[in-house]
Amino acid sequence: MILRFLKIILIVGVILVITLSILLLLLSMQPFVPSNYIKTVKTGGELEARYLAMGTSQVEHMEVPTEEEWGNINVYYPKELTESAESYPVVVFVNGTGVYSSKYPALFQHLASWGFIVIGNEDPSTYSGSSADTTLAWLLNENENPDSRFYQKVDTEHIGISGHSQGGVAVFNAINEQPHSDLYTCAVSLSPTQLDLAEALNMHYEPDKTTTPVFILAATENDVITSDGAKQLYDAVKNDKVAALRSGMDHGKMLYSADGYVTAWFLWLLKGDAAAAKVFTGDTPELLSNPLHQEQQIDMAA
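Because the structure is a prediction, the values reported are computed rather than measured.

(A) The arrangement of the environment of Pro213 in detail. Looking at the secondary structure, you find Pro213 in the loop between helix H7 (195–200) and strand S7 (214–219). Here the alpha-carbon distance between Pro213 and Ala301, two residues 88 residues apart in the chain, equals 9.7 Å. When near neighbours in sequence (up to four residues on either side) are disregarded, Pro213 contacts Thr185, Cys186, Ala187, Asp240, Trp265, Leu269 and Met300.

If you want it as structure tokens, here you go:
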């Protein structure tokens, strides 16, 4: 009887282990950004809704193996790029902790549909900005390679960067500390790890060095940066800057919930889109009156 009981326990234990393994595998395969987020995220302004929708370009994807320990580079770009004589602005995406670029393709596709080359990698630990710099360097080399589809297609005068969580820290390090820091035109830092917490985790960054225009966004609920922490970060940046807290969102959802305004930011500063500029400029910037945002601040010379 005892042996039979032990066998039953063993069988149940094996079934539980197998079930848990399958569940973990399925979870690991799920994207961090919902594929239909542009239809489900609420908007609080006409321009926010306009830029949360897909752009007019069809999008193609290219995955590039590298010798880096973090693996592949993912590039999304307008399909017409290969036939066009134009160059295209670039946005580098920087991963949050363990959130590889292959886990949020919907975000890449959305921005690429608005006419950007969007590039990221599989680095799970990005805070230094080093892998972002390496990824940008690869694209710049492709821009000089006659055999590349990106030959002379990169607008090197208009390069932006966006990162979430640890990647939000990496944004500051990429634009302030890395070899290609002077190439960035603008930046977005989404729910960056709060300064004191980042120090405790050995993820050092110095926002007071920032000269690149930066858009700082965070959530009002369960974020890694508090309202006071966001204000401290904003005050530390001495140059052009914008900040807001997204109401009712949490840390993870900040990767995509404010994407309408992130897209508008890049359209304005990388493509000179006058309509997108109205989110941040003029007598009545839409961001300041959006009921889905709190503690909005805009200090832009433009």
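(B) Structural view of the sheet that holds strand S6 (residues 184–190). Spatial strand order, S1-S2-S4-S3-S5-S6-S7-S8-S9: nine strands in an open sheet with mixed pairing. Each of the sheet's edge strands pairs with one partner strand only, and the pair in question is strand S1 (59–64) and strand S9 (293–299). With direction set aside, neighbouring strand axes in the sheet form an average angle of 15°. When S6 meets S7, the two strands line up parallel, connected through four bridges. Each bridged residue has a counterpart across the sheet, and for Leu190 the counterpart in S7 is Leu217. Contacts from helix H4 (residues 105–112) reach S1, strand S2 (73–78), strand S3 (88–94) and strand S4 (117–121) within the one sheet, and its direction differs from that of S2 by about 30°. Along the sheet, helix H8 (residues 227–236) contacts S7, strand S8 (241–246) and S9; its crossing angle with S8, the most-contacted strand, is approximately 170°.

(C) Region of interest: the nonpolar core. Grouped together as the largest cluster of nonpolar side chains are 47 residues, with contacts concentrated most on Phe116, Phe215, Trp265, Phe266 and Phe280. Residue assignment for this core shows that the elements contributing at least two residues are helix H3 (46–52), S3, H4, S6, S7, S8, helix H9 (259–271) and helix H10 (274–277). The biggest single contributor to this core is H9, with nine residues. The contact partners of Phe215, leaving out residues within four places of it in the chain, are Ala187, Val188, Ser189, Val242, Ala243, Tyr261, Val262, Trp265, Phe280 and Leu287. In terms of nonpolar packing, the next biggest core, distinct from the first, is built from 44 residues, Tyr77, Ile175, Tyr184 and Ala187 among them.

(D) Representation of the packing of aromatic side chains. Applying the stated rule across the entire model yields 14 aromatic pairs. Ring centres of Tyr104 and Phe108 lie 5.2 Å apart, and the angle between their planes is 50°; on these two criteria the pair is classed as tilted. An identical accessibility class is assigned to Tyr104 and Phe108; each is buried. Relative to Phe280, the ring of Trp268 has its centre 5.6 Å away and its plane inclined at 15°; by these criteria the two rings are stacked. Here Phe280 lies in the loop between H10 and helix H11 (286–289) and Trp268 lies in helix H9, a separation of 12 residues in the sequence. With respect to class, Trp268 is no different from Phe280; both count as buried. Through successive ring pairs, a cluster of aromatic residues spans Tyr76, Phe93, Tyr104 and Phe108. A cation sits over an aromatic face here: Lys271 above Phe116, 5.6 Å from the ring centre.

(E) Examining the pattern of salt bridges more closely. According to the stated counting rule, one finds five salt bridges in the structure shown. A salt bridge links Arg246 to Glu48, with the nearest nitrogen and oxygen atoms 2.8 Å apart. With Arg246 in strand S8 and Glu48 in helix H3, the pair connects residues that are 198 residues apart, well separated along the chain. On the accessibility criterion, Glu48 (1% relative accessible area) is buried. For Lys209, the salt bridge goes to Glu206, with nearest N and O atoms at 3.2 Å.

(F) Highlighting H8. If you check which residues of H8 are buried, you get Gly229, Ala230, Leu233, Tyr234 and Ala236. Buried positions in H8, seen along its axis, are confined to an arc of 160° and lie on one side of it. In this structure, the buried side of H8 is in contact with helix H6 (166–176), H7, S7, S8 and S9.

(G) Spatial organisation of the environment of Ala276. Positionally, Ala276 belongs in helix H10. Note: C-alpha distance between Ala276 and Thr263 (13 residues apart in sequence) is 8.4 Å. With near-sequence residues (within four places) excluded, Ala276 lies in contact with Tyr51, Ala264, Leu267 and Trp268.

(H) Expanded view of unusual backbone geometry. For Ser191, which is not glycine, the phi dihedral falls at a positive 45°. Here Ser191 lies in the loop between S6 and H7. We note that Asn222 has phi near 45°; this positive angle belongs to a residue other than glycine. The topology assignment puts Asn222 in the loop between S7 and H8.

What counts, and where the lines are drawn
- Residues numbered from 1 in each chain as written.
- Predicted model: local features only at pLDDT ≥ 70, side-chain atom pairs only at ≥ 80, totals over all residues.
- Heavy atoms only, no water.
- Helix = DSSP H or I, 4+ residues; strand = E, 2+ residues; numbered from the N terminus.
- Contact = heavy atoms within 4.5 Å.
- Pairing = 2+ DSSP bridges.
- Axes fitted to C-alpha atoms, helices over the stretch in contact; angles between N-to-C directions.
- Core = buried A, V, L, I, M, F, W, Y, C linked by side-chain atoms within 4.5 Å.
- Buried < 20%, exposed > 50% of the residue type's maximum accessible area, 1.4 Å probe, protein only.
- Phe/Tyr/Trp six-rings, centres within 6.5 Å; stacked < 30°, edge-to-face > 60°.
- Lys NZ or Arg CZ within 6 Å of the ring centre and 35° of its normal.
- Salt bridge = Lys/Arg side-chain N within 4 Å of Asp/Glu carboxyl O.
- Arc of directions from axis to C-beta.

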